[in-house]
Amino acid sequence: MSNLKLEIVTPHGVIYDGDVKVVTLCGKDGEFGVLPQHASLVSLLDAGVISATTDDNKEIVIAINGGYAKVSENKVSCIVDGAVAITDEEGELSENLSKAKELLKKAQSSDTTIAAAVSKIESIKK
Amino acid sequence: MASLKEIKRKIKSVKGTQKTTRAMKLVSSAKLRRAEQVAKASKAYAIKITEMLEEISANIAKSQDSIDSPYFKSTKEPKVVDIVVITSDKGLCGGFNSQTIKQANSFIEEYEAAGAKVRLRVIGKKAIGYYKFQQRELESAVDGLSSAPTYDKAAEFIKVVVDSYLDGETDKVIIVHNGYVNMITQEVRVDNILPLNPDEFKPDSISTSELEMEPDDDSLLDELINRYIEYTIYYALIDSLAAEHSARMQAMDAATNNAKDMVDSLTVSYNKARQEAITTELIEIISGVESMK
């Protein structure tokens, strides 16, 4: 099975670069999922959460504050202004979580977006 | 001939200066490493956003004959030109700032000779000071940004510029800054940020697949261009910061070496003067003894 390459870059550096099975993006017109062999697409991204499942079935969650996603055959490139990867490495989860929340709040998106994103983050935390 | 005491004092003072310059060099090299890392990390974003802009504009160009966006509207003879000059906030970095200002001045001359009005937007204390002294009117002046560039502040600054471009107040915007090449070289870089040249955004390979876009094409392109411009100014700032540190490192290295040479030559003349004093004393003693006989 072919894989999807996911890249998330910000002006401050590359946040994530790796192969995934499926990725869910927070588009301006609503959330959408991308599987390998997706048609080419460019979309505006809203502030929210990008989640993906890696090859070894690990969940990755990354909070972003808006940007673009370009989907071509086997590659998803996200160009975003700011991003925080929410990982559970070395017990930094809670710290990352608060950073992510702050990022979303700063993005000045509507309260519902923030609430949705935060609840999503929190459900993953459990 | 300077007295022994005077030379000794001079040596001490030069040594003091040397200590300062050496410390500044070390600080700059540490800061340079950080600035370099920031610039490098940011490079990935530059490649991606240019790629994306290329593909979208190519895609729009395919469906329409030309791109009908104000950002691409090129004017042969601009009437009002905004020049953004980026310099450092601090001095002691060799010809770093004067090179940038020189380049900016040659642009000012060029455009004014062509009959255009030049508006200056200046970032960094050094350029502000320079143009204030020249009594040039500054459209905007920002300090504190070039020594600690952040994306948000850069975006805030450029938004004013872009808005005035869209309102038709200015026809052309260029950025002049000194950029980092490597540890020992900097070069003055010029970015024409507005209007964008559509030819610069021709992708190397045009993909045959149709690109789906949401929301509609034009607002996406406009937003992307905005982002691109924001990023360009941010990159110019971090590039300039890296260049500033490398220039300062070099200048301070040269200063430390010069101080060392100076101490050496002063030590030689100190020794000579001491020798001379001893010889004179000896002669005096000997001639004294001679006269006693």
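Reading the values: rules and limits
- Residues numbered from 1 in each chain as written.
- Chains lettered and ligands numbered in written order.
- Predicted model: local features only at pLDDT ≥ 70, side-chain atom pairs only at ≥ 80, totals over all residues.
- Helix = DSSP H or I, 4+ residues; strand = E, 2+ residues; numbered from the N terminus.
- Rg over C-alpha atoms; globule rule 2.2 N^0.38 Å.
- Buried ≥ 20, exposed ≤ 12 C-beta atoms within 10 Å, placed from the backbone.
- Contact = placed C-beta atoms within 7 Å.
- Nonpolar A, V, L, I, M, F, W, Y, C, P; charged D, E, K, R; others polar.
- Pairing = 2+ DSSP bridges.
- Axes fitted to C-alpha atoms, helices over the stretch in contact; angles between N-to-C directions.
- Expected span 1.5 Å × (residues − 1).
- Domains from an automatic or database assignment.

The subject of this paragraph is the overall build of chain B. For chain B, the helix and strand inventory stands at 5 helices and 6 strands. Along its sequence from the N terminus, chain B presents helices and strands in the succession α-β-α-β-α-β-α-β-β-β-α. For chain B, the C-alpha radius of gyration of 28 Å lies well beyond 19 Å, the compact-globule estimate for 293 residues. Its C-alpha atoms give chain B principal-axis dimensions of about 115 × 40 × 30 Å. Of all 293 residues assigned to chain B, the portion counted as buried reaches 32%. If you take every contact in chain B between residues at least 6 apart in sequence, the share linking residues at least 24 apart comes to 79%.

Now for the interface of chain B and chain A. The partner chain A presents 19 residues to the 21 residues of chain B that form the contact. Only α1 (4-63), β6 (212-214) and α5 (217-292) of chain B provide two or more residues apiece to the side of chain B that touches chain A. If one sorts the elements of the side of chain B that touches chain A by residue count, α1(B) sits on top with 8 residues. Considered class by class, the residues forming the side of chain B that touches chain A number 14 nonpolar, 2 polar and 5 charged.

Further remarks concern the sheet that holds strand β3 (residues 138-142) of chain B. Residues and elements named next belong to chain B. Within the open sheet, the 5 strands sit side by side as β3-β2-β1-β4-β5. Their pairing is mixed. Edge strands, defined here as strands with exactly one partner in the open sheet, are β3 and β5 (185-194). Here the average twist between neighbouring strands, direction ignored, is 20 degrees. Along the sheet, helix α2 (residues 96-113) contacts β1 (80-86), β2 (117-123), β4 (172-182) and β5; its crossing angle with β4, the most-contacted strand, is approximately 155 degrees.

Before going further, it helps to spend a moment on α2(B). Look at α2(B): 26 Å from first C-alpha to last across 18 residues, which is about the 26 Å you get at 1.5 Å a residue. Phi for Gly115(B), located one or two positions after α2(B), is positive at around 90 degrees.

Next up on the list: the domain arrangement of chain B. All names here are of chain B. Looking at chain B, the domain boundaries give domain 1 (4-25 + 251-292) and domain 2 (34-249). Computed over C-alpha atoms only, the centres of domain 1 and domain 2 are separated by 52 Å. Breaking the side of domain 1 that touches domain 2 down by element, the ones donating at least two residues are α1 and α5. Of the residues forming the side of domain 1 that touches domain 2, the biggest block, 3 residues, is contributed by α5. Residue classes in the side of domain 1 that touches domain 2 are distributed as 3 nonpolar, no polar and 2 charged.

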